[in-house]
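Structural overview for review
Here is what each chain is made of, one letter per residue.
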Amino acid sequence: MTGSILFLLIIILGGISWFFGRVKARRFVTGSAARGAVHSLPNYHGWYVALWAVGPALLFLMIWNIASPALVTDAALASPAAEQLPQDPFARGSILAEARSIASDQQVKAFNPLSQTMVEPYKTAISYYQTLGAIAALLLVFAGGAYSWLRLKPELRARTKIERITMMALLLASLIATITTIGIFASLIFESARFFSMVSPIDFLFGTEWNPKAVAGPRGETGFGAIPLFWGTVFIGAIIAMIVAIPLGLMSAIYLTQYAPLNFRAWMKPILEVLAGVPTVVYGYFAALTVAPALRDFAVSIGISGASSESALAAGVVMGIMIIPFVSSMADDSIAAVPSAMRDGSLAMGATKSETIKKVLIPAALPGVVGGVLLAVSRAIGETMIVVMAAGLAANMTANPFSSVTTVTTQIVQLLTGDQEFDSPKTLAAFALGLVLFIVTLLLNLIALRVVKKYREAYE
Amino acid sequence: MNSAATFIDERNPTDWQSDQMQKRIRKRYAAERRFKALGLGAIILSASFLAFLLVVMVGNGLRGFTQTELPVAIDFPAMTGGASASQFEGTNAEANLRTLGVQDIVNTSIEIQYGELGGELFSAGGWQAVSAAILDNPDIIETETTLYLPVESEIDVAYKGSGSASAEQKITELKDQFSTGFNWNFLSNSDATDPMQVGIWGALKGSLITMFITLMIAFPIGVLSALYLEEYAPKNRFTDLIEVSINNLAAVPSIIFGLLGLAVFLNLFGLPRSAALVGGLTLALMTMPVIVISGRNAVKAVPPSIREAAFGIGASQMQVVFHHVLPLALPGILTGTIIGMARALGETAPLLMIGMRAFIATPPSGIVEPATVLPVQIFLWSDEVNRGFVEKTSAAIIVLLLFLLTMNALAIYLRNRFETRW
């Protein structure tokens, strides 16, 4: 019996026990004289029985799924076929793993003939323990259902019990975000620590040569200096993209909030928002297919040497376009938050609209705008597909926007999409880069949120 | 005080009519106009970027939905030695077709009509169209028929736009015979090495399965935690931590979620690589904070009077939340969910991390089978050197954008439809 069928069966049995619990509870209401003594509605009795039937069984299955592989291996090793296995634990482990994946239909053919002989014992063991687990789970369903069904009586506080369980579910759900954060942090730290045991953190953070393909050997690794990647990331995400996004985004926000007729604003705002909704892979393709060749031709025509078809400028400009709506909506919000008395006062003094905007509104809204820009930067440096497709792979430390540079995210993708063994410093380096990226974007976000929050309080 | 008074005394009233003053006013007004024009320019520039992007993609991509064809006359009775139509009806049709050797028949027919090198004109998989035509209408097997078959990719590109010199030459030679048909294969096939044979169905199906898993995980968790944080959570360190982590997760770069998926789901739990299950789990972790944040806003917008009225007639807190607050907040939560799902649908980077970049030629039929999704398929095709892939990539982008625009339009519609002023 496969897992999903068993799961479905348990859920169906749960539904049936819900029905029986409800039927019994209804009889309390209609039949018994002590109508006032019934504590909960019949529905809650139904849920009470259903949870008793399904909960323990599912819990058991979860534990069983974790525990049974070890039991299966023990059983397979006890079979006569296991006697010819090599004693070396590594060879033994790989044969067993292969036999296991063939037995569970994940793999078709064995590379090692010995694993083929182990398939049969594995198959018997797996089906034995699967059947055992299924029978035990079904017994638990019936036991739990019967136990709780027998306990149903008018005074039972079914609703309170159900509500307590629901409360636990709510709490658990909200914990997932925290668990995810911890998971991100732990996995990044754990893998980075393995990387830093092979490569010194100083070399990584301050080295200027990035060339992971030319790794020397164990303990003598060089070529992991990440400074060129950091520079490329900052150059594209924080410099070129912002040169495009800040003026365009800010001026768009100013026009939309201060000048535009309502009708125009109602149309333009969603149109700008579409820019943020276009998938980044589309932007990347657009940058690589259309923008980059045009920029290269332009650079060649004005005589710039070293113009590459994968340029920092192409990636940066397209990323800037993507960020425009982000900057403009943050600026929009913070300009709208400036009290209108300040604006009206300035206008009443005889200042023109543009003077009011430049001298009153923007200075007053500045913290919000700065916060928005910081968030935009954090988004730009974490952006992956545009730079993967348009920025190139050469780790250059150049300020020439027409040349190819590489970024942190590009390198993460590069390091992790080859066929590499998982313990090599090359793959682990990706996690170290990820850790740096995570910390930097986290700091930027925290600072930005603090700036925005502080400024909001000043006016309210 | 004294000095200020004398200053005012000494100053003449402003003469607004003086040339100097008029000039200054003109200057200020000109600056005003310039500033306004600058703002309008910024908007128009931003919008024209979008328009340019869409025009380029649609211009390239529409051609991907068509294919160039050349007629091939096939003399079935002569080549099959008199196969009858009845052989290709019913249950044995496909087996009989296989023994017939359609590929050879087609190749011979092409050689008869276009000479020795005729085979180079046609797409290698074109004979499958003939097989499909026979199954569709077995009667043609008894007649001499002319079928239109897709040409080879280089010629296809050259016919639609401009291609290599040799292909252009062939175009001029056969000019009158070409015709253009809708490329149904593009909607029903999966990835392939020949751009004439590729299709998006595999990636689309992968996307749908992945999105389904994402929704099944992110939606309940998102809604439950939004309810907890708004309706139950006490104000303390612990709930602050939950709140901070949700806000931070919403701003974590997507590639970091890919690293998490790789380290936890693949390496720790040993789930299969490239599977829609892992992709869906990873995207769910990414989408959940979006749903929580929008859900909290929707729950917050439900007025307290509704809760108080329910409490007043004796409902327990759980009943208030699940019978009254949640139904009223649901449209708002749904809007946020659709927006979050749209973002997940367009996401590529985290899926590359968990190995969803393999060449996958058969659509996935389960959640643990190797699958690919539309954005990743676009990324893979964009790497192909063959020119035929350019239009296929753009065509796939059109499909992806259509999905996204539909989802966003739905979100806007829901927001307008259910927006309630209390």
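The shown structure was predicted, so the numbers you read here are calculated from the model rather than taken from an experiment.

A tally of helices and strands in chain B yields 18 helices and 3 strands. For 422 residues, the compact-globule estimate of 2.2 N^0.38 gives 22 Å, and chain B exceeds it by more than 25% at 32 Å. Along the longest, intermediate and shortest principal axes, the C-alpha atoms of chain B span 115 × 75 × 40 Å. Expressed as a percentage of its 422 residues, the buried residues of chain B come to 50%. At a minimum sequence separation of 6, the contacts of chain B that also span at least 24 residues come to 78%. When the accessible surface of chain B is summed, it comes to about 20,500 Å², and 59% of that surface belongs to carbon and sulfur atoms. Counting 28 positive and 36 negative side-chain charges, chain B places the centres of these two groups 21 Å from one another.

With that out of the way, let us pick up the pattern of salt bridges. Residues and elements named next belong to chain A. Here the structure, examined in full by the defined rule, presents 9 salt bridges over all chains. Across the pair R194 and E191 runs a salt bridge, and its minimum N-O distance is 3.0 Å. Of this pair, R194 and E191 both sit in helix α5 (residues 158-196), 3 residues apart, roughly one helical turn. Given a relative accessible area of 25%, R194 falls into the partly exposed group. Look at E191 and you get buried, because its relative accessible area is 5%. K269 serves as the salt-bridge partner of D332, at 3.2 Å between the closest nitrogen and oxygen. Here D332, found in helix α10 (residues 312-336), pairs with K269, found in helix α8 (residues 262-277); they are 63 residues apart in sequence, far enough to count as distant. Since its relative accessible area comes to 23%, K269 is described here as partly exposed. Through salt bridges that share partners, R265, K269 and D332 make up one connected network.

Time to look at the UniProt feature "domain: ABC transmembrane type-1" (unreviewed entry) in chain B. The positions UniProt marks with the feature "domain: ABC transmembrane type-1" (unreviewed entry) are residues 204-411 of chain B. End C-alpha to end C-alpha, residues 204-411 of chain B measures 21 Å, and it is 77% helix and 0% strand.

Our next topic: the interface of chain B and chain A. Accessible area lost during the coming together of the parts is what is often quoted as the interface size. The partner chain A presents 74 residues to the 70 residues of chain B that form the contact. Together chain B and chain A conceal approximately 6,300 Å² of surface at their shared face, both sides included; 80% is due to carbon and sulfur atoms. Linking chain B with chain A are 1 salt bridge, by the criterion used here. Along the contact surface separating chain B from chain A lie 10 residue pairs in polar contact (both at pLDDT 80 or more). Counting residues per element, the side of chain B that touches chain A draws most heavily on helix α2 (residues 19-61) of chain B, which supplies 21 residues.

What follows deals with the packing of aromatic side chains. Residues and elements named next belong to chain A. Inspection of the entire model under this criterion finds 18 aromatic pairs over all chains. Clustering of aromatic rings is evident, with ring pairs tying together F195, F196, F204, W210 and F224. For R379, the ring lying beneath its charged end belongs to F326, and the centroid distance is 4.8 Å.

Time to look at the domain arrangement of chain B. All names here are of chain B. We note that the domain assignment places domain 1 (15-61), domain 2 (67-182) and domain 3 (201-421) within chain B. Opposite the 5 residues of domain 1 that make contact, domain 3 presents 6 residues. Between domain 1 and domain 3 the total buried area reaches about 450 Å² when both faces are included, carbon and sulfur atoms providing 78% of it. Summed over the three residues of domain 1 that lose the most area to domain 3, namely M57, N60 and G61, the buried surface amounts to 79% of that side. One can count 0 salt bridges joining domain 1 with domain 3. Along the contact surface separating domain 1 from domain 3 lie 0 residue pairs in polar contact (both at pLDDT 80 or more). Class assignment for the residues of the side of domain 1 that touches domain 3 results in 3 nonpolar, 2 polar and no charged.

All names here are of chain B. The sites that carry the UniProt feature "transmembrane region" (unreviewed entry) are, in the present numbering, residues 37-58, 208-229, 249-269, 276-295, 325-346 and 393-414. Taken end to end, residues 37-58 is 100% helix and 0% strand, and its first and last C-alpha atoms sit 30 Å apart. End C-alpha atoms of residues 393-414 are separated by 32 Å, and the span's content is 100% helix alongside 0% strand.

Calculation criteria
Residues numbered from 1 in each chain as written. Chains lettered and ligands numbered in written order. Predicted model: local features only at pLDDT ≥ 70, side-chain atom pairs only at ≥ 80, totals over all residues. Heavy atoms only, no water. Helix = DSSP H or I, 4+ residues; strand = E, 2+ residues; numbered from the N terminus. Rg over C-alpha atoms; globule rule 2.2 N^0.38 Å. Buried < 20%, exposed > 50% of the residue type's maximum accessible area, 1.4 Å probe, protein only. Contact = heavy atoms within 4.5 Å. Areas by Shrake-Rupley, 256 points an atom, 1.4 Å probe, with all protein chains shown as cover. Lys, Arg positive; Asp, Glu negative; His and termini not counted. Charge placed at Lys NZ, Arg CZ, Asp CG, Glu CD. Salt bridge = Lys/Arg side-chain N within 4 Å of Asp/Glu carboxyl O. UniProt positions renumbered as here; feature names shortened; annotations may be inferred. Buried area = accessible area lost by both parts, 1.4 Å probe. Polar contact = N/O pair within 3.5 Å; in protein donor to acceptor, adjacent residues only side chain to side chain. Phe/Tyr/Trp six-rings, centres within 6.5 Å; stacked < 30°, edge-to-face > 60°. Lys NZ or Arg CZ within 6 Å of the ring centre and 35° of its normal. Domains from an automatic or database assignment. Nonpolar A, V, L, I, M, F, W, Y, C, P; charged D, E, K, R; others polar.

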